[in-house]
Structure formats: C-alpha cells, structure tokens
Amino acid sequence: MTAAREVPVPVAELNEEELLQWGARFSLSLTAPAFVTLSGDLGAGKTTLIRAIVRAQGALEPVTSQSYGLVREYASPRGAVIHLDLYRLRGPTELLQIGWEDVLRAQAIVLVEWPERAEGALPVGHIALQLAHLDGRPEVRRLSW
Ligand SMILES: Nc1ncnc2c1ncn2[C@@H]1O[C@H](COP(=O)(O)OP(=O)(O)OP(=O)(O)O)[C@@H](O)[C@H]1O
Ligand SMILES: [Mg+2]
C-alpha cells in the first residue's frame, strides 16, 4: 500500500484589510497569462479579493459585484484583467456563449468566481484560491491556496 502524498496547504486567517493587502501582493506576483479561481460561499470575500487584485494592476475602473453579465474586462497599465462571476451560469452552453474559449486564450489575468460552475472546463495548472467564513469570527476569513 502506498501512503497518500501529503501536500501542505498554505492557510492564512485574515481580516478584510489583511486580505486586501494579501491580494495586492499576490496581484503583483502575477504575469499574464494567469488563470486564478476563487472559491467560497456567498459573502466569503471573493469579489473583495478580486477588487484588491485588479486595483494593484493599476486598473482605474471600480470592481463591482456583477448584477448582470458574467464577464467584465478591466484595462490596466500591466494588461487586461478579466473577471468572471459564474454564479448565474446556466450550463456549458452558456459558457461558450460568454466567450470562454477566448478567455482561455487571452493574454490576460483571468479571475473566476464560482469556478465550480465551470468544472471540467478549467485550464490545467490554474491557481486555486479558497475563502471560508470562520465560526463566530465575522470579520475574519480563512484563505487557502
Ligand atoms: N476578512 C474579510 N475578508 C473579506 N471580506 C470581509 C472580511 N470581513 C468582512 N468582510 C465582508 O464580507 C463581504 C464579502 O463580500 P464579497 O462580495 O467580497 O463576497 P463574495 O465571496 O464575492 O460573495 P458572492 O458569492 O455573493 O459574490 C463584504 O461585505 C466584506 O466587507
Ligand atoms: Mg462576489
């Protein structure tokens, strides 16, 4: 019997300010093309973290939660940043309709909320970030990657 390989998972418990700072540092470590997924429950902080990542690229446009449309592109001095929120994705057909193939080929930093909705269509080797609430600590999130 072979022992399961233990892969250590980096974890941090961060308040919002710390998460924003982490996001800014992470952002500056990225070079396009980069594909990053952000998983976590409603309100876990995915958009908050994306806001920090986009801002650190130098984009001037504010990052908002998308109430309509699944894709937004931000221009930045370091190149394009593409933000997808797949929460309302209705299935693989819609993924193609929103230009998924172009997103995969883009010379951009791609940030995907609710990547579970695109299970099986995510590129191999993407960077996966997870955010989670902590019981009894509403101001803190657990970030793992
Ligand atoms: N440590 C923290 N990190 C991130 N957000 C925090 C933290 N503490 C409190 N918050 C608050 O939690 C909320 C997170 O909302 P956000 O829109 O970023 O979540 P989300 O994961 O994108 O949710 P959704 O799945 O609905 O898109 C914000 O109101 C933010 O102010
Ligand atoms: Mg969000």
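Going by the structure above, here's the rest.
Cut-offs applied
Residues numbered from 1 in each chain as written. Chains lettered and ligands numbered in written order. Predicted model: local features only at pLDDT ≥ 70, side-chain atom pairs only at ≥ 80, totals over all residues. Helix = DSSP H or I, 4+ residues; strand = E, 2+ residues; numbered from the N terminus. Contact = placed C-beta atoms within 7 Å. Buried ≥ 20, exposed ≤ 12 C-beta atoms within 10 Å, placed from the backbone.

S.K.: Looking at this structure, I do not really get the environment of G58. What am I missing?
M.R.: By the secondary structure assignment, G58 is in the loop between α2 (46-56) and β3 (71-76). C-alpha separation for the pair G58 and R78, spaced 20 residues apart in sequence, amounts to 7.3 Å. If we ignore the near neighbours within four places in the chain, the residues touching G58 are S76, P77 and R78.

S.K.: When you look at unusual backbone geometry in this model, what are you seeing that I'm missing?
M.R.: One can expect most non-glycine residues to show negative phi and most peptide bonds to be in trans. Of note, the amide linkage connecting A32 to P33 takes the cis form, showing an omega dihedral of 0°. The residue P33 is located in the loop between α1 (16-28) and β2 (34-39) in this model. At W114, a residue that is not glycine, the phi angle is positive and equals roughly 55°. For W114, the location among the structural elements is in the loop between β5 (108-113) and β6 (127-133). Here W114 falls in the partly exposed class, since 19 other C-beta atoms lie within 10 Å of it.

S.K.: What's the story with α2 in this structure? I'm lost.
M.R.: Every α-helical turn comprises 3.6 residues, leaving residues that sit three or four positions apart pointing alike. Here α2 lies mainly inside the structure; 9 of its 11 residues are buried. When we look at burial in α2, the residues that qualify are K46, L49, I50, R51, A52, I53, V54, R55 and A56. Against α1, β2, β3, β4 (79-85), β5 and β6 lie the buried residues of α2. Among the residues trailing α2, G58 stands out with phi positive, at a value near 95°.

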